[in-house]
Amino acid sequence: MASTKKTVAIITGSVRAVRVGPAVAALVKEIIGPSAAAGAGVELVDVDIASFKLPIYDEVVLPGMVPEHASLSHAHSLAWSAEMKRHAAYVLVTPEYNYGLPGGTKNAIDYLSHEIKGKPIGIVSYGVLGGASSSEQAAKIFGVPLKMQVAPTRPQLAFAAPEGAPPDTYAAAGGVLGDASREAWTKDHGEAIKKMFAEVTALLALTETPAA
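Residues numbered from 1 in each chain as written. Predicted model: local features only at pLDDT ≥ 70, side-chain atom pairs only at ≥ 80, totals over all residues. Heavy atoms only, no water.

This paragraph deals with the overall build of the chain. Within the chain, the regular secondary structure consists of seven helices and six strands. Taken over the C-alpha atoms alone, the chain extends approximately 60 × 40 × 35 Å along its principal axes. A burial count over the chain gives 47% of its 212 residues as buried. Excluding contacts between residues fewer than 6 apart, the proportion of contacts in the chain whose partners are at least 24 apart in sequence is 80%. Element-wise, carbon and sulfur atoms account for 59% of the exposed surface of the chain, whose accessible area totals about 10500 Å². Counting 18 positive and 20 negative side-chain charges, the chain places the averaged centre of each group 5 Å from the other. (Helix = DSSP H or I, 4+ residues; strand = E, 2+ residues; numbered from the N terminus. Buried < 20%, exposed > 50% of the residue type's maximum accessible area, 1.4 Å probe, protein only. Contact = heavy atoms within 4.5 Å. Areas by Shrake-Rupley, 256 points an atom, 1.4 Å probe, with all protein chains shown as cover. Lys, Arg positive; Asp, Glu negative; His and termini not counted. Charge placed at Lys NZ, Arg CZ, Asp CG, Glu CD.)

Shown next as structure tokens:
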């Protein structure tokens with residue numbers, strides 16, 4: 001029997017051929033933990049933007065026109081739209097490239113409108129310095145034009161540089177999440193990640209509460 005729980009998508013934002021994003025997203029999901037999700041009455045679901053193989057936006061209609069005034073036509077657009085529409089809330093796990101949100105992540109967001117508008121979202125960024133610029137840009141995109149409810153706690157995960165060893169940035173460039181970063185993020189940012197998720201589920205509960 002299929003689960004009737006509402007789902008929160010843990011979105012892997014990186015789409016590069018060699019990437020550490022899936023490992024970071026998996027760690028974020030592990031830190032949140034199934035018990036926290038169950039306690040909030042939701043189920044965590046993995047969503048990897050790269051698996052949808054989205055080209056630069058190639059529909060002839062504007063996303064904001066769908067579905068009231070127009071329809072999507074391409075299989076990749078329809079698949080991505082359907083996947084995002086089915087989730088009640090989201091946690092975006094995104095890297096920072098050149099002090100900004102990755103182009104592939106921004107392009108994937110640009111495909112969407114009604115599917116995610118008004119829903120809660122948490123943002124976890126990572127990078128050499130933690131991804132503050134990427135996080136800020138994502139928060140503005142989600143919060144202003146898409147009117148999403150952005151969790152105020154936005155953990156920023158900087159790759160570790162263990163003494164006497166190469167920085168974990170080098171391992172990340174090869175698609176590997178270093179043990180030093182994994183341990184530091186769990187120890188130093190684990191509570192912030194859990195707080196972010198608690199904010200997302202609290203916002204979700206508020207959207208489901210009928211007005212008095």
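So that's the structure; there's more coming.
Inspection of every chain in the model, using the stated rule, returns four aromatic pairs. Taking 5.4 Å as the distance between ring centres and 40 degrees as the angle between the ring planes, the aromatic pair formed by Phe159 and Trp185 counts as tilted. Taken together, the positions of Phe159 in the loop between β6 (156–158) and α6 (168–173) and Trp185 in helix α7 (residues 179–208) put the pair 26 residues apart, joining distant regions of the chain. The exposure class of Trp185 is buried, given its relative accessible area of 1%. The ring of Tyr97 carries the charged tip of Arg16 above its face, separated from the ring centre by 3.6 Å. (Phe/Tyr/Trp six-rings, centres within 6.5 Å; stacked < 30°, edge-to-face > 60°. Lys NZ or Arg CZ within 6 Å of the ring centre and 35° of its normal.)

This paragraph deals with the side chain of Glu115. With respect to the element layout, Glu115 can be found in the loop between α4 (103–110) and β4 (120–127). Among buried Asp, Glu, Lys and Arg side chains, Glu115 stands out as unpaired, with Lys85 the closest opposite charge at 7.7 Å. Those residues in contact with Glu115 that sit more than four places away from it in its chain are Ser81, Met84, Lys85 and Tyr90. (Salt bridge = Lys/Arg side-chain N within 4 Å of Asp/Glu carboxyl O.)

Bringing the UniProt feature "domain: NADPH-dependent FMN reductase-like" (unreviewed entry) in the chain into the picture now. Sequence positions flagged by UniProt for "domain: NADPH-dependent FMN reductase-like" (unreviewed entry) are, in local numbering, residues 8–153. Within residues 8–153, the helical portion is 34% and the strand portion 20%, while the C-alpha atoms at the span's ends are 17 Å from each other. (UniProt positions renumbered as here; feature names shortened; annotations may be inferred.)

If you look at the biggest cluster of nonpolar residues, it comprises 29 residues, and the most contacted ones within it are Val24, Val91, Val93, Tyr126, Trp185 and Phe197. Not counting residues within four places of it along the chain, the set of residues in contact with Val91 comprises Val8, Ala9, Ile10, Ile11, Val28, Gly122, Val124, Met196 and Phe197. Counting 24 residues, the second-largest nonpolar core is a separate cluster that includes Ile49, Ile109, Phe142 and Met148. (Core = buried A, V, L, I, M, F, W, Y, C linked by side-chain atoms within 4.5 Å.)

All told, the structure shown has six salt bridges when counted by the stated rule. A salt bridge links Arg19 to Asp48, with the shortest nitrogen-to-oxygen separation between them at 2.7 Å. Linking Arg19 in the loop between β1 (6–12) and α1 (21–32) with Asp48 in strand β2 (residues 42–48), this pair joins segments that are 29 residues apart in sequence.

Because each turn of an α-helix spans 3.6 residues, side chains separated by three or four positions in sequence point in the same direction. End to end, α1 covers 17 Å across 12 residues, agreeing with the expected 16 Å (1.5 Å per residue, within 8%). Phi turns positive, to about 80 degrees, at Gly33, one or two residues after α1. (Expected span 1.5 Å × (residues − 1).)

With that settled, consider the side chain of Thr201. Structurally, Thr201 can be placed in helix α7. Apart from the residues lying within four places of it in its own chain, the contact partners of Thr201 are Ala40 and Val42.

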